[in-house]
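Each chain, letter by letter, is given below.
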Amino acid sequence: MRPEPRWSEDFPVEWERDHYITRRELAKFLVLGSMLLAGANVLIRILGFRRAKPDASRRRIGSLSQVPLGGSMLFRYPTEGDPCILLRGEDGSLKAYSQVCTHLSCSVIYKREAGKLFCPCHCGYFSPADGRPTAGPPTRPLPRIRIERDGEDLYATGREG
Amino acid sequence: MRSSEQGTTLFSAACAFIMIVVGLQLWLVSASVEALLSGELDVLGPAAAASVILALASGGILLHALDLDRRRRKGGIP
Ligand code: FES
């Protein structure tokens, strides 16, 4: 009797053998998916290393005259890829935060009429007093930027959180 | 039980286990993306390690099932 050709193992005639082969191939396919997902997780870890923040050092970000009372100013700190927002209260107090929303990284803006930091992507709100989320999907506060004033000049001196 | 029915049962059990593993890994990937975007970089390492371990576990289960199946077909397992 002629031996069965190899291809017929993967293309059976009977239903039972067909079930067996499809189940075996599904298991292999699932393991391939599992490996790809592990690879994706490792890739995300590598991207995380690349995003690690450099040491924040003292840097001039602008002058006081650029920020009206009750208004805001955008700047970048510690690198050109890190947008931040400086707020000047009606009483002259200065507060600065990262402009990157802690939900999904959209840019936060200052809504002067509402007196709140607002993320337009999913209507997230943050308190201008301490950067804590007050409404919407964000659950973590905005990282705070330490600000120093030297005469008319404003300096960012570090990042917290 | 007929021989191919045994094989179907064996691979069905392996598929069920691997599907649970893949579900966990999907959750790990989505949680890691969210952590990456929100700057919580500390959790990325443990998530990647857990995902790799789960992938190795699913690979191990598949190899074990293939080995059992080979032995079953050769008649090594009743
Ligand atoms: S990205 Fe800001 S609320 Fe979703």
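What comes next concerns the included structure. (Residues numbered from 1 in each chain as written. Chains lettered and ligands numbered in written order. Predicted model: local features only at pLDDT ≥ 70, side-chain atom pairs only at ≥ 80, totals over all residues. Heavy atoms only, no water.)

**With respect to the interface of chain A and chain B**
It is common to report an interface's size as the accessible area lost on association of the parts.
Working step 1: Of the residues lining the interface, 31 residues belong to chain A; the matching set on chain B comes to 39 residues.
Working step 2: Summed over both partners, the interface of chain A with chain B buries about 3,000 Å², with 70% contributed by carbon and sulfur atoms.
Working step 3: Our count for the contact surface shared by chain A and chain B stands at 0 salt bridges.
Working step 4: For the pair chain A and chain B, the interface holds 7 residue pairs in polar contact (both at pLDDT 80 or more).
Working step 5: With 23 residues, the top contributor of residues to the side of chain A that touches chain B is helix H2 (residues 15–51) of chain A. (Contact = heavy atoms within 4.5 Å. Buried area = accessible area lost by both parts, 1.4 Å probe. Salt bridge = Lys/Arg side-chain N within 4 Å of Asp/Glu carboxyl O. Polar contact = N/O pair within 3.5 Å; in protein donor to acceptor, adjacent residues only side chain to side chain. Helix = DSSP H or I, 4+ residues; strand = E, 2+ residues; numbered from the N terminus.)

**A word on the sheet that holds strand S5 (residues 109–111) of chain A**
All names here are of chain A.
Working step 1: Judged by pairing direction, the sheet is antiparallel, and its 4 strands sit side by side in the order S5-S6-S7-S8 without closing on themselves. In this open sheet, the two strands that pair with only one neighbour each are S5 and strand S8 (133–135). With strand direction ignored, the average angle separating the axes of adjacent strands in the sheet is 40°.
Working step 2: By the bridge criterion, 3 bridges tie S5 to strand S6 (residues 116–119) in an arrangement that is antiparallel. Of the residues in S6, the one forming a bridge with Lys111 is Lys116. (Pairing = 2+ DSSP bridges. Axes fitted to C-alpha atoms, helices over the stretch in contact; angles between N-to-C directions.)

**So, the nonpolar core**
Working step 1: The biggest cluster of nonpolar side chains holds 20 residues, and the ones touching the most others in it are Ala27 and Ile44 of chain A together with Phe11, Ile18, Leu36, Leu44 and Leu62 of chain B.
Working step 2: The set of elements that each furnish at least two residues to this core consists of H2 of chain A together with helix H1 (3–37) and helix H2 (44–74) of chain B.
Working step 3: It is H1 of chain B that contributes the most residues to this core, 8 residues altogether.
Working step 4: Not counting residues within four places of it along the chain, the set of residues in contact with Leu44 of chain B comprises Ile44, Arg45 and Gly48 of chain A together with Ser32, Ala35 and Leu36 of chain B.
Working step 5: Counting 12 residues, the second-largest nonpolar core is a separate cluster that includes Leu64, Cys84, Ala96 and Ile145 of chain A. (Core = buried A, V, L, I, M, F, W, Y, C linked by side-chain atoms within 4.5 Å. Buried < 20%, exposed > 50% of the residue type's maximum accessible area, 1.4 Å probe, protein only.)

**Structural notes on the sheet that holds strand S4 (residues 94–98) of chain A**
Residues and elements named next belong to chain A.
Working step 1: The 6 strands are arranged S1-S10-S9-S4-S3-S2 in an open sheet whose pairing can be described as antiparallel. Taken across any chain shown, the strands that pair with only one partner, and hence form the sheet edges, are strand S1 (59–63) and strand S2 (72–76). On average, each strand axis in the sheet is tilted by 30° relative to the strand beside it, whichever way the strands run.
Working step 2: Bridge analysis of strand S9 (residues 144–150) against strand S10 (residues 153–160) gives 7 bridges, and the strand direction is antiparallel. Its bridge partner lying in S10, Glu148 is registered against Tyr155.

**Digging into the pairing of S6 of chain A**
Residues and elements named next belong to chain A.
Working step 1: Linking S5 back to S6 in an antiparallel pair, the connection comprises 4 residues, with Gly115 at a positive phi of about 65°.
Working step 2: Relative to strand S7 (residues 124–126), S6 runs antiparallel, the two being bridged by 3 bridges. When the sheet's bridge partners are listed, Phe118 is paired in S7 with Tyr125.
Working step 3: Joining the antiparallel neighbours S6 and S7 is a turn of 4 residues, in which Cys123 adopts a positive phi near 55°.

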